[in-house]
Each structure stands twice: as structure tokens, then as C-alpha cells.
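Secondary and tertiary structure notes
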Amino acid sequence: MSDTDIDLDELERRYAQERDKRLRSDGMAQYEPLGKRFAALARDPHADPDFKRAPIEEDGEVLIIGGGFAGLLAGARLREQGVDAIRIIEKGADFGGTWYWNRYPGAACDVESTVYLPMLEELGHVPTERYPRGSEIQAYCGRIAERYDLRRAALFQTLARKLRWDAGRARWIVETDRGDRIAARFVISCTGLLSNPKLPRIPGIETFAGHAFHTSRWDYAYTGGDESGGLTGLADKVVGIIGTGSTGVQVIPHLAAWAKHLYVFQRTPASVEVRANRPLTDDDFAGLEPGWQRQRRDNFTTLTGGGYAPVDLVGDSWTDIIRSVMPRLENGEPVADVEAIRRAEMRKAEGVRQRVAATVRDPETAEALKPWFHYFCKRPCFHDEYLESFNRPNVTLVDTQGKGVERFTPAGAVVAGTEYPLDCLVLATGFDFLVDYCEEAGLEIVGDGGVDLSDRWADGPLTLHGMQTHGFPNFFMMAIAQAGAAVNYVHTADEQTQTIAQIIAETRERGATRVEPSLAAETAWVETIVEGAKARRAFLESCTPGYYSYEGRRERKAALNDFYAGGPMAYIEHLRDWRDAGGFPGLDWT
Ligand code: NDP
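Below or above, wherever it landed, is the structure these notes cover. (Residues numbered from 1 in each chain as written. Predicted model: local features only at pLDDT ≥ 70, side-chain atom pairs only at ≥ 80, totals over all residues. Heavy atoms only, no water.)

1. Description of the state of the cysteines
Disulfide: a covalent bond formed between the sulfur atoms of two cysteine residues. Convention followed: In this description, the term disulfide denotes a pair of cysteine sulfurs within 2.5 Å. Strands are runs of DSSP state E lasting at least 2 residues, helices are runs of H or I lasting at least 4, and numbering of each runs from the N terminus. Exposure categories follow from relative accessible area, calculated using a 1.4 Å probe and restricted to protein chains: below 20% of the type maximum is buried, above 50% is exposed, and the middle band is partly exposed.
Inspection of every chain in the model, using the stated rule, returns one disulfide. Paired through a disulfide, Cys377 and Cys543 show a sulfur-sulfur distance of 2.0 Å. Of note, the bridge from Cys377 to Cys543 carries an S-S torsion of about -80° and is left-handed in sense. In this pair, Cys377 is assigned in the loop between α12 (363-368) and β15 (381-382) and Cys543 in the loop between α18 (534-541) and α19 (568-581), connecting sequence segments 166 residues apart. In this structure, Cys377 and Cys543 share a single accessibility class: buried. With no disulfide of its own, Cys190 has Cys141 as its nearest cysteine by sulfur position, at a separation of 13 Å. Relative accessible area serves as the criterion here: at 5%, Cys190 is assigned to the buried category.

2. A short note on the side chain of Arg296
Basically, it comes down to this: Definition of a polar contact: a pair of N or O atoms within 3.5 Å, with one able to donate and the other able to accept a hydrogen when the atoms are protein atoms, and with sequence-neighbouring residues admitted only if both atoms are side-chain atoms. By definition, residues are in contact when any of their heavy atoms lie within 4.5 Å.
Take Arg296: it is sitting in helix α9 (residues 292-304). From its side chain, Arg296 meets the backbone oxygen of Leu313 in a polar contact 3.3 Å long. When residues no more than four places from it in sequence are discounted, the contact partners of Arg296 are Glu112, Thr114, Val115, Leu313 and Val314.

3. A look at the sheet that holds strand β17 (residues 407-408)
Strand pairs in the sheet, formed through backbone hydrogen bonds, run parallel or antiparallel to each other. Under the convention used in this document: One requirement defines pairing of two strands: DSSP has to find at least two bridges between them.
With antiparallel pairing, three strands are arranged side by side in an open sheet as β17-β18-β19. Where the open sheet ends on each side, the last strands, each with one partner, are β17 and β19 (418-421). Relative to β19, strand β18 (residues 412-415) is paired through four bridges, and the arrangement is antiparallel. Of the residues in β19, the one forming a bridge with Val414 is Glu419.

4. Remarks on unusual backbone geometry
You will see that Gln401, though not glycine, has its phi angle at about 55°, which is positive. Turning to its location among the elements, Gln401 is positioned in the loop between β16 (395-399) and β17.

5. Observations regarding the site of the ligand
As a reminder of what qualifies: Put simply, a residue is near a molecule or strand once any heavy atom of it comes within 4 Å of that molecule or strand. Throughout, the Shrake-Rupley method with a 1.4 Å probe supplies accessible areas, and for residues the shown protein chains are the sole cover considered. Throughout this entry, Asp, Glu, Lys and Arg are counted as charged residues, while Ala, Val, Leu, Ile, Met, Phe, Trp, Tyr, Cys and Pro are counted as nonpolar. The remaining residues, Gly among them, count as polar. Boundary definitions for the domains trace back to an automatic or database domain assignment.
The full set close to the ligand counts 26 residues, and Ala108, Thr247, Thr268, Lys378 and Tyr547 are the nearest of them. When the free accessible area of the ligand is taken as 910 Å², the share hidden by the protein chains comes to 90%. Ranked by the residues each element gives to the shell around the ligand, the list is headed by helix α8 (residues 246-258), at three residues. Within the shell around the ligand, the residues separate by chemical class into twelve nonpolar, ten polar and four charged. Shared between two domains, the shell around the ligand holds at least three residues of each, these being domain 1 (3-33 + 198-275 + 341-427) and domain 2 (57-196 + 433-589).

6. Describing the sheet that holds β16
The test is simple: To obtain each axis, a line is fitted to C-alpha atoms, and for helices this fit is confined to the stretch in contact; angles are then taken between N-to-C directions over 0 to 180 degrees.
Reading across from one edge, β9-β20-β10-β11-β16 is the order of the five strands in this open sheet, with parallel pairing throughout. On the outer flanks of this sheet lie β9 (211-214) and β16, each paired with one strand and no other. The sheet shows a mean angle of 20° between the axes of neighbouring strands, taken without regard to direction. Two elements, strand β10 (residues 238-242) and strand β11 (residues 261-266), share five bridges in a ladder whose sense is parallel.

7. Structural notes on helix α16 (residues 489-510)
For clarity, the cut-off: Under the convention used throughout, the expected extent of a helix is 1.5 Å for every residue step, that is, one less than its residue count.
Between its first and last C-alpha atoms α16 spans 31 Å; for 22 residues at 1.5 Å apiece the expected length is 32 Å, and the two agree. For α16, a buried count of 17 out of 22 residues is recorded, marking the element as mostly surrounded by other parts of the structure. Backbone geometry just after α16 places Gly511 at a positive phi near 70°.

8. Things to note about the environment of Arg87
Within the secondary structure, Arg87 is located in strand β3 (residues 86-89). Residue Arg87 is classed as buried on the basis of its relative accessible area of 15%. Placed 65 residues apart in sequence, Arg87 and Arg152 show a C-alpha to C-alpha distance of 8.4 Å. With residues near it in sequence (within four places) discarded, Arg87 still touches Ile56, Glu58, Val62, Leu63, Ile64, Arg152, Ala153, Ala154, Leu155 and Ile182. A polar contact is formed between the side chain of Arg87 and the side chain of Glu58, at a distance of 2.7 Å.

9. Quick look at the packing of aromatic side chains
Threshold: Pairing of aromatic rings covers Phe, Tyr and the six-membered ring of Trp, with a centre-to-centre limit of 6.5 Å; geometry is then stacked below 30 degrees between planes, edge-to-face above 60, and tilted otherwise. To sit over a ring, a charge needs its Lys NZ or Arg CZ within 6 Å of the ring centre and within 35 degrees of the ring normal.
Tallying each qualifying case throughout the model produces 24 aromatic pairs. The rings of Phe69, Trp99 and Tyr116 are connected pair by pair, giving a single aromatic cluster. Over the face of the ring belonging to Tyr100 we find Arg103, whose NZ or CZ atom lies 4.8 Å from the ring centre.

Keep in mind that these numbers describe shape and distance, not what the molecule does.
Structure below.
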């Protein structure tokens, strides 16, 4: 398609119209957490419910909360710094974080394995596929744990509840739901992004009498099969699914293949591009020089963060658009051509719609599956069987015209006055994202002078680099608010943990008892973030709602949840420079 075929103004009008259809006055309040009213749905299907152990009391060096990639990388980097007394507290019954919980059929990573999986060179690991499956990623988490001897540090099926800074002892005192009382000089909170599942508050949903579960708690005892499919338990079941985001897109082809009938209740169509997965062979790694992974990850993060790089080393659907919108160099400096970017982005979105038209046979269904929003408004999806699923006779797309399911009855879902009786309801409705740090982490954090972090952050987070906060000495967070938001969070986490491990090593070397950011350094960083975020905020306000835009209404506690405006690679380079500068300017040691 040539650029002149696209009427940009007309397209903008259509996007605005579709957005208006979806805007709701309840914003984030349209969701509720998995626990509370729906405690049964929060049950861990992978853990022994009768697991018991005696509470422990100990005094250690570093306590890490969370055993996903962030926690594992923190542990690995600390081991490299010679720290032995590490304790890891993890809610699940094993390592893996996201990949422990999300074991739904089709679970896989959209980011190339050579870029996503950290420490490939350190571990000498060769991934089997270009886009790794969830089970392979979880197994790889176990390999990192073994390589860095972190399994003996872990307390699984345990939730940290309260952290209190004891200034007299210069220790954090950490209490857990199993009655543990652990003192630690340093705490690193790695409780994850997108880790608290959310449910839609649809009227009557609590009366639904069929079977229901969230995708992050997949019930294989009911569906049969495993991550690769074989859901034989659904052969005589009418299944409904709510959610057509990255998770829904991966699950739907499997439900379509096995359910007697599948109803897909769609609110906003996903943007679904080519995936082109394939096995990796030795040829993919032949001739790579040491340091190749760092180079490849830097390249991917630069390009997907809108930066300039002379080559595209990954060359997939993620980087495809970037090649056409890449800033050009003028006198050695990258200069963005705003109009060219606008056109390339529109062209990309048009290509996505054409793919729908070329794949889905029923014209009405195809029309309903076309996304009408700016390409960068929502996380893009990549799949080669999703659209095909709608050609099956046992699959019905129920397009809710941006409104979602109207209500539930004991028998099923109601949309536009029609009731769809269901045996099973799958909720692919996503996760909390950067709303309130303490609430999401499930932690009460009391710092110096008895100050509660929730109170200090009542109007939004205050941090240096998104990782430390004044008045909470020796406390580190692995987060993306006020940090770099990369498509590949594990890359950011890798650089953050290297920085934290180095700060801890330096604190020990100096013989200091506490380290924290100065108020001045923190204030300056927050100002940098807020000032730089203006353009992105304005863009998100023009977007169709979703978790990126706080469903179109940002709450007070999330007020300062913005990202480093220079982009994720500039943030990573900033951390590298800070590490290399010596002395970590902006930190106070006592
Ligand atoms: P999302 O938040 O992206 O999607 C939730 C879906 O539920 C949306 O389609 C949303 O519709 C829909 N929904 C919510 N409430 C209702 C309602 N009342 N009626 C109808 N539909 C409703 O969650 P996901 O779990 O899909 O993905 C979350 C993130 O996790 C991704 O963005 C990605 O970052 C990560 N992820 C990555 C994967 C990968 O690498 N392959 C795989 C899975 C997840 P609407 O759009 O209208 O709000």
C-alpha cells in the first residue's frame, strides 16, 4: 500500500470514534483482584495445598522478595559479588515468577529467546526455539538457580507481609505469612510486573454456576492436556473466553481446537502480526563472538525504544516497524521525522487489518477483528493461528462493540440482550499494572522514623532511578515506574540488578551500615521523569483505553508512574555510566 492511499485525517477520526466507544467512567475500578470475593480462583494449582514448615528466625545479609527473573538475577549478581547469606522468599512452589503462574496452553514469549533469556553466555545455554515456550523458560529459571546455588536460599510458598526498618540494628525486620521473622541488612523487592491477576466486575459474575478460572491459574484438572494442548476435557463443553490481549491470543487457538463450541467475547480487537517461530540450530550461533548477547539485547532495546542503530540484528515483527520509522542521522545525531513516523505507523496498522481480511473468511467476523487504534497504544500481539481459529465452525466471535459482556446469569454471559449459555468461562483479563506499589507487592513497608511507604507515596512514587527511595535505607525495588520501560523487561532487570549488587558490594566495602538516595538526588530524578513524560502522556490520552493508559483515567497514587523519556536504552546507559563513575553520586552512606 502506498502512503497516498491512506487518508490520515480520516483514520484519526475513526480511531477517536472507536476510542470513545470504549471509554468508561469507572476506569481501573472496573476490575477487582483475584482474592477477596473470588478467593477460590486465586488457589495455586501447581503447589501442595497442605505444605507446612516450621517458622524460621534468622539474621542474614540480603533478603530478596520474589523468585522470578528479577529475583534470580539479583541473587546471581550478588553471588558474583561474593555474597553468601542470601534468602529468597517466593509465593509459588518454585522459581519462575510469571512463567511459574502462566502455564496456559500456548504460553510463550513474544520476544526472541536470544534476547529475552538472560545470561545465555554465562550458562552456555542454547534455546530450542526462536520464541521460547513458557515451560522452557521456567526450566531455564531453574538452571539459573542451580548455577548460582540459589535453591538453598529459597523459602517457597511464602509471602512477605511486613518490612520494618530497625534503625538501632541497621536491619530490616521482615515478617511472612508463615510466621517467619527474618532480619536482613538489605532487602531487594522483586515482586514483579503484571503479577496480580484481575477480574472484570461484570454484574452477576458471582452468580455464574459453570466452571471459571483466570488464565494465570489454568485448571488442567478440568480441561485436560498441558501447555502444548490436548484439552480433551473440553470436548463436550461450551467455553467462553473474555480477553483478547497477548494471553487471549495465545490461548484461543487451543480452546478453538478442543472445545465443543467456543465463544470469544471481544471488547477491543488485538493487533496480531506474523510470528514465524522456528527451531534454532547451531547455525544460528555459529561465529558469534563473546559479548554477542549484550550486543543483541542492546540493539533490540534501542530499536524497540525508538532509538537509532545502524543495523537491526533481530529483524522480526517487533523491529519491523522501527526500521521504517528509525530516526535518520544528521551530523552524527539521530533526528526523528515526525511526519514519516506517523505515516509508517499508520501503514503498519493498515497491514495488520489487511492480514485479518486476507485470513478470516466470514466478512462480518473479519471486519469485527480489525483493530482501529494507533499501533503504539497497546502491546502488539504475534500469532500465526489466532486469526485462522475464527474460520472454524465451532468458534463464534461475539463482538461487544467496545462494551464488554453486559452481565452474567447462572447459565452464562449476556451481550446485547442475548444470553450465551456456557459450561466454562476462561478469564484472560490481565493483571494490575503500576497502580500502587505496596498494594501490588502485598507489602507493608515501614522505613526510617516509622514512615509508611504508602503514606510517603500517597501522591505517586518518589525514587532515584525507580529503584531506591529516600528514608528507606538499604531497600531496593525492581520496578519500571520512573525507570526505563523496555519491551523486554528482563533486560532492564538485568541492568538494575547489576547496579544494586554493586551498590551493596560498595556499602560492605566502605563498612557503612546504610545507603539511600539523598532527597536532592531523588527530587531531581522525579523532576526529570515528570518533565520528560509530557509527550507520552498526551499520546496515551489519545489512545483507546487499556492498561498502558490506566483505562483512560490515572489515579492519584499512580500520578508519577512515568518512564525515563530518553527511552529504555538511554536509561540502561545511564545506569552503566553511574556504575562506572565510581562512588554512585546521589547516594548517601552512613
Ligand atoms: P491484557 O490486559 O493485555 O488484556 C486483557 C483483555 O481482557 C483485553 O482484551 C481486555 O479488553 C479484556 N477485557 C477486560 N475486561 C473485559 C470485559 N469486561 N469485557 C470484555 N473484555 C474485557 O492482559 P494479557 O494477560 O493479555 O496481557 C498482559 C500483558 O502480559 C501483555 O500486555 C504482555 O506485556 C504480557 N504478556 C506477554 C506475553 C508474551 O510475551 N507472549 C503473553 C501474555 C502476556 P480491552 O482491550 O477492551 O481492555
